[in-house]
Amino acid sequence: MTLLILIIVLALIFDYINGFHDAANAIATVVATKVLTPFQAVLWAAFFNFLAYWVFGFGVADTVAKTAHTMEINLVVILAGVIAAICWNLLTWWLGIPSSSSHTLIGGFAGAAVAHAIAVHGFSGYVGEDGATHYWYQIVSWYKAGKDGGMPSGVLIIIAFIVLAPLLGALASYLISIWLLNASRKSIWPKIFTVALMIATVWFVYAQMVPYEEIIKDGHKGRFDSHFWSVAFDPHNIKWFLVAFIILTVSAFCLIFSSLNLHQADAALKKMQLLSSAAFSLGHGGNDSQKVMGIIAAAVAVYINTNPGVHMDSWLDVVLPNDDLGIKGVMPGWIPLACYSAIAAGTLSGGWKIVKTMGSKITKVSSFEGVAAETAGALTLYFTEHLKIPVSTTHTITGSIIGVGLTKRVSAVRWGVTVSLVWAWILTIPISAILAGLVYFVLSVFIS
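Fair warning: this is a prediction, and the values are worked out from it, not measured in the lab.

Enquirer: Residue-level account of the environment of Pro-190, with values.
Expert: Structurally, the position occupied by Pro-190 is in helix 7 (residues 188–208). For Pro-190 and Leu-180, which are 10 residues apart along the polypeptide, the C-alpha to C-alpha distance reads 9.0 Å. Other than its neighbours up to four places away in sequence, Pro-190 contacts Asn-182 and Ala-183.

Have a look at this one:
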């Protein structure tokens, strides 16, 4: 039990470090455009990091918890993964490199699990409980097909989104920038397009809503006694309400953009940047806090597996969901509350080395570019969270900033800086995995 408590404490410390390591993702553009002072910006971001507790479910947490097969690992594996993730995060923060905390954690968890499999079974095959022959590399959940044709999961999908997340962010921010640029012209066609988009958004979001009957299915209770508020504040529905709010707000601005003079337009864009940075901070909190929840859930599951018959206190009564067996997940309320609190506290601590890289070194950012980049980043994070994919907020906002830079000209993006960032992204998972493997072997000497 002592080892389990230590892992939980270290996981929350990692979450805190994640907050100040990735604070720049949400506040770099509002600081660079002088919409908020650095202190105001971190307060703003921290508040919405914590607010994410009431917005998001636990889909990403489930994905992270199943990075490695919990029936085949021990607590030393998870401890080694968390320690390696903390070390890499602190090193990249010190060097001012905006690497991915998400991929650091995934790489550490997977690397320690592989080291454990090699230590226990060697490189040859072994017969598992199912009677089939397994190999050391199969301890990691590399790929699992989606249920009923849904989105597949596994470490390979997470690795794929090292490329896809910034590409999605870049594409979204480029399209939003083009939309805003056309809306500034005195022409009827951008307005017609905007109205059509507003109608399509309302229709699409309404189609995604989960009705009250679905919420209370299988004996579940809504968040409130009122049917209306239970539907309105269901985590799935809130995300889509936010998507609609963001798109409709930008659309409303686009309808009046051409009638504003330069001073009025800049003032309006700065106010909208508050909205876009808040939306991105929500996505950051919801995406990154869940990863730590997943690690804690995996640790509890491993503790139960390695101590059969043990009685868990209610405050540690964690159950991982299993769609194949129809098992619903259970997460005590203190775990998400502690995770969201830790990441919000970390964000309050700043992270000014990375702010400079994100806010000015990639491309020069104005309020116009800030709105486009943060809106695109937020929408990308909501989309990937809906698919239960733990993506990097760092990669997402970097891609979004590059996308707005491309609307000016290709040379507006400082590609030398961008290439350095990409190398950091590529190396994060393998370096974290190797470091976690080494930490596992060292810990195994002292912890039986």
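Picking up where we left off.
Enquirer: Which residues make up the environment of Leu-255, and what values do they have?
Expert: When you line up the elements, Leu-255 lands in helix 10 (residues 235–257). Residue classification places Leu-255 among the partly exposed residues on the basis of a relative accessible area of 29%. Along the chain, Leu-255 and Val-195 lie 60 residues apart, while their C-alpha atoms are 8.3 Å from each other. The contact partners of Leu-255, leaving out residues within four places of it in the chain, are Lys-191, Thr-194, Val-195 and Met-198.

Enquirer: Describe in detail the confidence of the model for the protein, supporting the description with residues and values.
Expert: For the protein, per-residue confidence averages 83 on the pLDDT scale, and residues scoring 70 or more make up 88% of the total. Mean pLDDT across the elements of the protein bottoms out in helix 13 (residues 352–361) (49) and peaks in helix 7 (95). Every residue in residues 357–363 is under pLDDT 50, and counting partners more than four places away or in other chains gives 34 contacts.

Enquirer: Any details on empty space enclosed by the protein? Residues and values, ideally.
Expert: In the structure shown here, the tally under the stated rule is 1 cavity of 30 Å³ or more. Put simply, the largest cavity is a space of about 50 Å³. In terms of lining, the largest cavity is formed by Ile-246, Val-250, Met-272, Leu-275, Ser-276, Ala-279 and Thr-375. Top element by residues in the lining of the largest cavity is helix 11 (residues 262–306). It accounts for 4 residues. Of the residues belonging to the lining of the largest cavity, the class tally is 5 nonpolar, 2 polar and no charged.

Enquirer: Describe helix 5 (residues 101–121), listing the residues and the values that go with them.
Expert: Along its 21 residues, helix 5 runs 30 Å from first to last C-alpha, staying within 8% of the 30 Å computed at 1.5 Å per residue. Where helix 5 terminates, the next one or two residues include Gly-122, which has phi positive at roughly 75°.

Enquirer: Help me get a handle on the packing of helix 5 against helix 11, residues and values and all.
Expert: In helix packing, the relevant descriptors are the interaxial angle and the interaxial distance, both defined with respect to the helix axes. Their axes nearest at 10 Å, the elements helix 5 and helix 11 cross at an angle of 20°. Considering the angle they form, helix 5 stands roughly parallel to helix 11. The handedness of the crossing between helix 5 and helix 11 comes out as left-handed. Two secondary-structure elements touch here, helix 5 through Ser-102, Leu-105 and Phe-109 and helix 11 through Asp-288, Lys-291, Val-292, Ile-295 and Ala-298. Here the contact of helix 5 with helix 11 is composed, by residue class, of 5 nonpolar, 1 polar and 2 charged.

Enquirer: Kindly report on the layout of surface pockets, identifying the contributing residues and their values.
Expert: In this approach, a probe sized like a water molecule rolls over the atoms, and the result shows the empty space that is left. Of the pockets and cavities examined, the second largest pocket occupies roughly 710 Å³. Considering the residues around the second largest pocket, the lining is formed by 26 residues, among which Ala-172, Val-243, Ile-247, Leu-379 and Thr-380 are closest to the centre. Elements with a minimum of two residues in the lining of the second largest pocket: helix 6 (155–183), helix 7, helix 10 and helix 14 (367–386). Residue classes in the lining of the second largest pocket are distributed as 21 nonpolar, 4 polar and 1 charged.

Enquirer: Describe the packing of helix 6 against helix 7, naming the residues involved and giving the relevant values.
Expert: Closest axis-to-axis distance for the helix 6/helix 7 pair is 9 Å, and the angle between their directions is 130°. With respect to their mutual orientation, helix 6 and helix 7 come out oblique. Taken as a pair, helix 6 and helix 7 cross one another with a handedness that is left-handed. Contacts between helix 6 and helix 7 pair Trp-179, Asn-182 and Ala-183 from the former with Pro-190, Phe-193, Thr-194 and Leu-197 from the latter.

Definitions and cut-offs
- Residues numbered from 1 in each chain as written.
- Predicted model: local features only at pLDDT ≥ 70, side-chain atom pairs only at ≥ 80, totals over all residues.
- Heavy atoms only, no water.
- Helix = DSSP H or I, 4+ residues; strand = E, 2+ residues; numbered from the N terminus.
- Contact = heavy atoms within 4.5 Å.
- Buried < 20%, exposed > 50% of the residue type's maximum accessible area, 1.4 Å probe, protein only.
- pLDDT = per-residue confidence, 0-100.
- 1 Å grid on protein atoms, 1.4 Å probe; cavity = no way out; pocket = protein on both sides within 12 Å on 5 of 7 lines; lining within 4 Å.
- Points joined across faces, edges and corners; volume = space filled by probe spheres on them.
- Nonpolar A, V, L, I, M, F, W, Y, C, P; charged D, E, K, R; others polar.
- Expected span 1.5 Å × (residues − 1).
- Axes fitted to C-alpha atoms, helices over the stretch in contact; angles between N-to-C directions.
- Parallel < 35°, antiparallel > 145°, perpendicular 65-115°, else oblique.
- Left-handed = near helix turned anticlockwise from the far one by under 90°.

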